Amino acid sequence: MSVPAPVPVPAAAQSSAAAQRPGAAEPAPPRPAREGPAAAVMLVVGFVLLSLNTRVAFGQLGPLAPVAGFGTGTLTLLGLLPPLCMGLFAPLAATARRRLGEERGLFWASALLLAGAVVRILGLPGLFIGTVLVSIATAVVNVLIPVFVRSRFEPRRVGVMMGVYALSMGVGSALVAALMVPVWEASGHSWRTAIGLAAVPAALAALGIAPQLRHAGRGAGRGAEPGAVGTGVPGGAGAVGTGVPRSAGTRAGDTRARAGGAGVGKGGDRSGRTGRLDGLAWSLIAFFGLQTLLFYTTLAWLPAILVDAGVAKGTAGGMQSLFILGVAIGGFLTPVLAAARTDQRPHLFGVLLVCALGYAGLLAAPASAPALWAVVLGAGLGGGQAVAGVLYVKRGRDHDHVAALSTVAQTGGYLIAAAGPVTASVLHAVTGTWTAPLFAFVGVLLLSTVASLRAGHDRPAAGPAPVAGA
């Protein structure tokens, strides 16, 4: 009697069966496909151009404030709008990612940012409206960038690329900030002309990211079916350009990750919305929110603090550029160093200590070494801003989870940060000095130290996550 030949079992079925066995390891997510040299160069160049533009508009007003005659109320509102709008509209990124995918989402956000940069030159009302548009676009970019980096670059490059993002962001903002006063003077004291410079990097960003639209497959952002090309959203189905199908085991792993992953409690859905938050999510919100509060408050009021201490107006405006340069330096080094470790708490504490040194210098001798304090403070705050992206990637289990953590942290964090510029302005008005706000900044650093503990080390467990209701 002949023995029937064994029937080959498809790899997907084997993966599914393995995923159902108790204690079975999760299937490894597919790695990004290696692209040709030309495509790789276009990817990096587009990423850098996008990064260069992300904070340009927010660094323009500081240097202009001492010379252009903006009122305190105007500066306070313009300092409030970016973090407030970025907090309110960060959830929009989840919708953009689900419907468009990361590439299309980043492209249309860049187009909106360009429109906002143009509107900002249309008088004072245009400055407010354009700032809102720029802030909405930036909210989408902020959330999508960590997911884009995880899906398009090798895991070992995540820290470097997040560092490149922060470095480019700081360099672009610093260059434009340094040109504000010279352009204002050369144009006959026209702040509109100086503000209009932001349209140049905005246009370059849209052009730079446009070639990546070819990677936005039909399944992008909608839960790719087997064989779909794209990021494989949700759950990181496949790396961009690989055309790798999602196995049943991978889908099961995604489901378990969403059900039991750190940061997102039971009730998470395929868009990244969550039913409840756990300790990791609250820690990320608090750390990012307090760091961002300090960043945008310092960005708004550093020149005024230095002028009040006796520094010349033109020099104070130049210190803003040095501050942003420091942001670029700290923003590059911190994520590169932090991404190489599984525990980021030492890096978070180091960032907070550098910030404390900068604020201590502004309290003790602001006019003696303003350039030093500006660079040190920028390095600390820039590192705090940039390392958050590494925390999302390190704590997230898959693309969906990274996007959910990024959205939740930035929504809550930016809403916390929106209180900073207004609170500092009120404290200054009540006390007549910047000493009280600066001491308040040091107090915020102490709170941030406590808030960062869980976010810095609570990495996903190595084994399978529990299924909800199991």
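A brief report on the enclosed structure follows. (Residues numbered from 1 in each chain as written. Predicted model: local features only at pLDDT ≥ 70, side-chain atom pairs only at ≥ 80, totals over all residues. Heavy atoms only, no water.)

## Topic: the overall build of the protein chain
Item 1. If you tally the helices and strands in the protein chain, you get 17 helices and zero strands.
Item 2. In the protein chain, which comprises 470 residues, the share counted as buried stands at 55%.
Item 3. With the model as given, the accessible surface of the protein chain reaches about 18,100 Å², and the carbon-plus-sulfur share is 69%. (Helix = DSSP H or I, 4+ residues; strand = E, 2+ residues; numbered from the N terminus. Buried < 20%, exposed > 50% of the residue type's maximum accessible area, 1.4 Å probe, protein only. Areas by Shrake-Rupley, 256 points an atom, 1.4 Å probe, with all protein chains shown as cover.)

## Some remarks on the side chain of Ser 51
Item 1. Secondary-structure assignment places Ser 51 in helix α2 (residues 37–53).
Item 2. Taking the relative accessible area as the measure of exposure, Ser 51 reaches 0% and is therefore buried.
Item 3. Once residues lying within four places of it in the same chain are set aside, the contact partners of Ser 51 are Tyr 165, Ser 168 and Met 169. (Contact = heavy atoms within 4.5 Å.)

## Here we look at the environment of Asn 142
Item 1. Tracing the chain through its elements places Asn 142 in helix α6 (residues 123–152).
Item 2. Judged by its relative accessible area of 6%, Asn 142 falls in the buried class.
Item 3. With 268 residues separating them in the primary sequence, Asn 142 and Gln 410 have C-alpha atoms 8.0 Å apart.

## Considering empty space enclosed by the protein
The probe, sized like a water molecule, is rolled over the atoms to show the empty space still left.
Item 1. Under the defined criterion, the tally for this structure stands at five cavities of 30 Å³ or more.
Item 2. There is about 180 Å³ of room inside the largest cavity.
Item 3. Lining the largest cavity are 14 residues, and of these Phe 58, Leu 61, Leu 78, Gly 79 and Ala 300 sit closest to its centre.
Item 4. Sorting the residues of the lining of the largest cavity by element identifies α3 (61–68), α4 (72–89) and α11 (279–308) as the ones contributing at least two each.
Item 5. Considering every element that reaches the lining of the largest cavity, the biggest residue donor is α4, with four residues.
Item 6. Its residues assigned to classes, the lining of the largest cavity shows ten nonpolar, three polar and one charged.
Item 7. Of the pockets and cavities examined, the second largest cavity occupies roughly 140 Å³.
Item 8. Lining of the second largest cavity is provided by 15 residues; of these, Asn 142, Tyr 165, Phe 288, Gln 385 and Gly 389 occupy positions nearest its centre.
Item 9. Of all the elements in the fold, those that place two or more residues in the lining of the second largest cavity are α6, α7 (158–186), α14 (370–395) and α15 (399–417).
Item 10. Among the elements that make up the lining of the second largest cavity, the one with the highest residue count is α14 (five residues). (1 Å grid on protein atoms, 1.4 Å probe; cavity = no way out; pocket = protein on both sides within 12 Å on 5 of 7 lines; lining within 4 Å. Points joined across faces, edges and corners; volume = space filled by probe spheres on them. Nonpolar A, V, L, I, M, F, W, Y, C, P; charged D, E, K, R; others polar.)

## Some thoughts on the layout of surface pockets
Item 1. Empty space within the second largest pocket amounts to approximately 290 Å³.
Item 2. Thr 72, Leu 75, Trp 301, Ala 304 and Trp 434 are, among the 15 residues lining the second largest pocket, the residues nearest its centre.
Item 3. At the level of secondary structure, the elements contributing two or more residues to the lining of the second largest pocket comprise α3, α4, α11 and α16 (419–431).
Item 4. Here the lining of the second largest pocket takes six residues from α11, the largest share from any one element.

## A short note on the pattern of salt bridges
Item 1. Evaluated as defined, the whole model comprises four salt bridges.
Item 2. The salt bridge involving Asp 400 is made with Arg 97; its shortest N-O contact spans 3.0 Å. Placement of Asp 400 in helix α15 and of Arg 97 in helix α5 (residues 92–119) is noted, with a sequence separation of 303 residues between them.
Item 3. On the basis of relative accessibility, which here comes to 2%, the residue Asp 400 falls in the buried class.
Item 4. When its relative accessible area of 4% is taken as the criterion, Arg 97 is described as buried.
Item 5. One salt bridge connects Arg 345 with Asp 343, and the closest N-O pair in it is separated by 2.6 Å.
Item 6. By relative accessible area, Asp 343 is classed as partly exposed at 21%.
Item 7. Several salt bridges converge on common partners, so that one network encompasses Arg 97, Glu 102 and Asp 400. (Salt bridge = Lys/Arg side-chain N within 4 Å of Asp/Glu carboxyl O.)

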